[in-house]
Amino acid sequence: MTTISPTMSHRQTEHQDSNPVPAPLPMRVAIIGAGRGGVALLDALHQIRTIQIVGIVDQNPSAPGLKRAQELKVPVYHEIADLITHQELNLVMDVTGDPAMESALRKTVPTGTDVVNGQTSRLLWLLVQHESTLQTELLHAEKLAGIGSFAAGIAHDMNNPLQLILGLAENLTDETDLEAVHLQAHDIIEAVKRTTAICRDLTSYSRRASLRQDCLMSINGKLDEALKIARYAVALQDIDIRKLYQPDVVVKGNPDELLHVFVNLITNAVQAMEHHGTLTLETTATADATRVRVTDTGSGISPELLGRIFDPFFTTKPPGKGTGLGLYNIKNVIHHMNGTIEVESQIGRGSTFILIFPNETVAGERSAQS
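Residues numbered from 1 in each chain as written. Predicted model: local features only at pLDDT ≥ 70, side-chain atom pairs only at ≥ 80, totals over all residues. Heavy atoms only, no water.

Caption draft 1: Structural view of the overall build of the protein chain. Each helix and strand counted, the protein chain has eleven helices and 13 strands in total. Classification of the 370 residues of the protein chain by burial places 45% in the buried group. In the protein chain, of all internal contacts separated by at least 6 residues, the share reaching a separation of at least 24 is 73%. Summed over all atoms, the accessible surface of the protein chain reaches about 19,200 Å², with 55% contributed by carbon and sulfur. (Helix = DSSP H or I, 4+ residues; strand = E, 2+ residues; numbered from the N terminus. Buried < 20%, exposed > 50% of the residue type's maximum accessible area, 1.4 Å probe, protein only. Contact = heavy atoms within 4.5 Å. Areas by Shrake-Rupley, 256 points an atom, 1.4 Å probe, with all protein chains shown as cover.)

This is how it looks when you write it as structure tokens:
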């Protein structure tokens, strides 16, 4: 695995630029209402680093937003006064839809704290939902665009078993030996199975991911599945693949979206090496976090570009070879999973993309879902 010296490498996270400025103080926000509106706000606001959600309140203990808040480690309250009293709030967002809540908040909210409710709150909720839909559409569009670059690999892998099936079928028309017929029929069945497996891989990859389909899944299994998909887009024959997997590493998220993340990172890594080099996939889990490292021995990323690689529509690939949405979509998926992504790179030595997920699993709770 490529060793990168901290004094010689360039490190970049998805929310930093190459010339960092002092971070502004976070806006402290409280959410009133844990229904669908509360869930939408939680998912949107927790991705914004300059916003701190100090808590969410709902009198219904089974409200879906309370469960989502616990997943995001946002404090949960059952009384409004407990949330907004003695808190240095900048903004209170009321998404209950209750007309009586406006007057109640006016009496309770401290002076100097803004309140968003009523039609303004509804408009904000609609905007948040619209943004979520757009992000899903962008992810799906990039998947479909990527399949176009898989065309040559798919055609090759499909053509081989189809030609075998054709040849065996032609032989069977004149074959009289029953044992030979059985052997050739068995070869035909195996060739059909290989073709079916190719179609299954592509169908799994290209399908539209559900907005809420999170579950525990095996990180190692998803990386192996991504390698199978990535070989359609890039040649892996001359790539030395090193797997440094810690056993039973799991993370919570959307399986389809995480598969796309790994396919994209692996494809980018192989292209950066110009199809010759070492690709290292590493997974580790500690008490507080799960980490995935994808390392290549390619050309590396220059410091002036490092701060832009997560921007939408930014790409260093020639026209027609990339959408410029790959790393942007990866960033959004990782944020939805409450994680972060970092990059370490050296010109001429290669790059390492590091995904960090909070460890939210319970001891003994394991899933090998693929």
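Caption draft 2: Broad picture of the nonpolar core. Phe-262, Leu-279, Phe-353 and Leu-355 are the most contacted members of the largest nonpolar core, which has 46 residues in total. At the level of secondary structure, the elements contributing two or more residues to this core comprise α7 (178–206), α8 (219–230), α9 (255–272), β10 (277–285), β11 (289–295), α11 (326–336), β12 (340–346) and β13 (350–358). Not counting the four nearest positions on each side in its chain, Leu-279 is found in contact with Leu-227, Ile-239, Asp-240, Ile-241, Arg-242, Ile-266, Ala-269, Met-273, Val-294 and Thr-295. Judged by nonpolar contacts, the second largest core, of 21 residues, contains Leu-42, Leu-66, Val-74 and Met-93. (Core = buried A, V, L, I, M, F, W, Y, C linked by side-chain atoms within 4.5 Å.)

Caption draft 3: Region of the structure containing the pairing of β13. For β13, the tally of buried residues reaches eight of nine residues, placing the bulk of the element in the interior. Looking at chain direction, β11 and β13 are connected through seven bridges and run antiparallel. By the bridge assignment, Arg-293 is partnered in β13 with Ile-354. Summarising the sheet, β12 and β13 pair through seven bridges and their orientation is antiparallel. (Pairing = 2+ DSSP bridges.)

Caption draft 4: Broad picture of the packing of helix α1 (residues 36–45) against helix α2 (residues 64–71). Put simply, α1 and α2 touch, their axes get as near as 8 Å, and they point 20° apart. When the interaxial angle is binned, α1 and α2 end up roughly parallel. As for how α1 packs across α2, the hand of that crossing is left-handed. In contact with Val-39, Leu-42 and Asp-43 of α1, α2 contributes Pro-64, Gly-65, Arg-68 and Ala-69. Class assignment for the residues of the contact of α1 with α2 results in four nonpolar, one polar and two charged. (Axes fitted to C-alpha atoms, helices over the stretch in contact; angles between N-to-C directions. Parallel < 35°, antiparallel > 145°, perpendicular 65-115°, else oblique. Left-handed = near helix turned anticlockwise from the far one by under 90°. Nonpolar A, V, L, I, M, F, W, Y, C, P; charged D, E, K, R; others polar.)

Caption draft 5: Spotlight on α9. Its 18 residues place the ends of α9 26 Å apart at the C-alpha level, agreeing with the 26 Å of an ideal helix rising 1.5 Å per residue. Within α9, 15 of the 18 residues are buried, which leaves it mostly tucked inside the rest of the structure. At the N-terminal boundary of α9, the capping side chain belongs to Asn-254, with an oxygen 3.0 Å from the backbone nitrogen of Asp-256. Glu-274 sits one or two positions beyond α9 and adopts a positive phi of about 55°. (Expected span 1.5 Å × (residues − 1). Polar contact = N/O pair within 3.5 Å; in protein donor to acceptor, adjacent residues only side chain to side chain.)

Caption draft 6: Representation of α1 within the structure. Of all the ten residues making up α1, nine are buried; the element is thus mostly covered by neighbouring parts of the structure. Listed as buried for α1 are Gly-37, Gly-38, Val-39, Ala-40, Leu-41, Leu-42, Asp-43, Ala-44 and Leu-45.

Caption draft 7: Representation of the side chain of Thr-283 within the structure. Examined against the element boundaries, Thr-283 turns out to sit in strand β10. Only 2.9 Å separates the side chain of Thr-283 from the side chain of Asn-220, close enough to count as a polar contact. If near-sequence neighbours (up to four positions away) are discounted, Thr-283 is found in contact with Ile-219, Asn-220, Leu-223, Leu-244, Tyr-245, Gln-246, Val-249, Arg-291 and Val-292.

Caption draft 8: The arrangement of the sheet that holds strand β6 (residues 114–116) in detail. Spatially, the five strands line up as an open sheet ordered β4-β3-β2-β5-β6, and their pairing is parallel. Among the strands making up the open sheet, the edge pair consists of β4 (76–77) and β6. Pairing of strand β3 (residues 51–57) with β4 involves two bridges; the strand directions are parallel. The residue bridging Val-57 from the neighbouring strand is Tyr-77, located in β4. Set on the sheet, helix α4 (residues 99–108) makes contact with β2 (27–32), β5 (91–94) and β6; between it and β5 the angle comes to about 160°.

Caption draft 9: Structural view of the pairing of strand β7 (residues 215–218). Side chains Cys-215 and Met-217 project from β7 onto one buried face, and the interleaved Leu-216 and Ser-218 project onto a second face that is buried too. Sheet analysis places β7 next to strand β9 (residues 250–253), joined by four bridges and oriented antiparallel. Of the residues in β9, the one forming a bridge with Ser-218 is Val-250.

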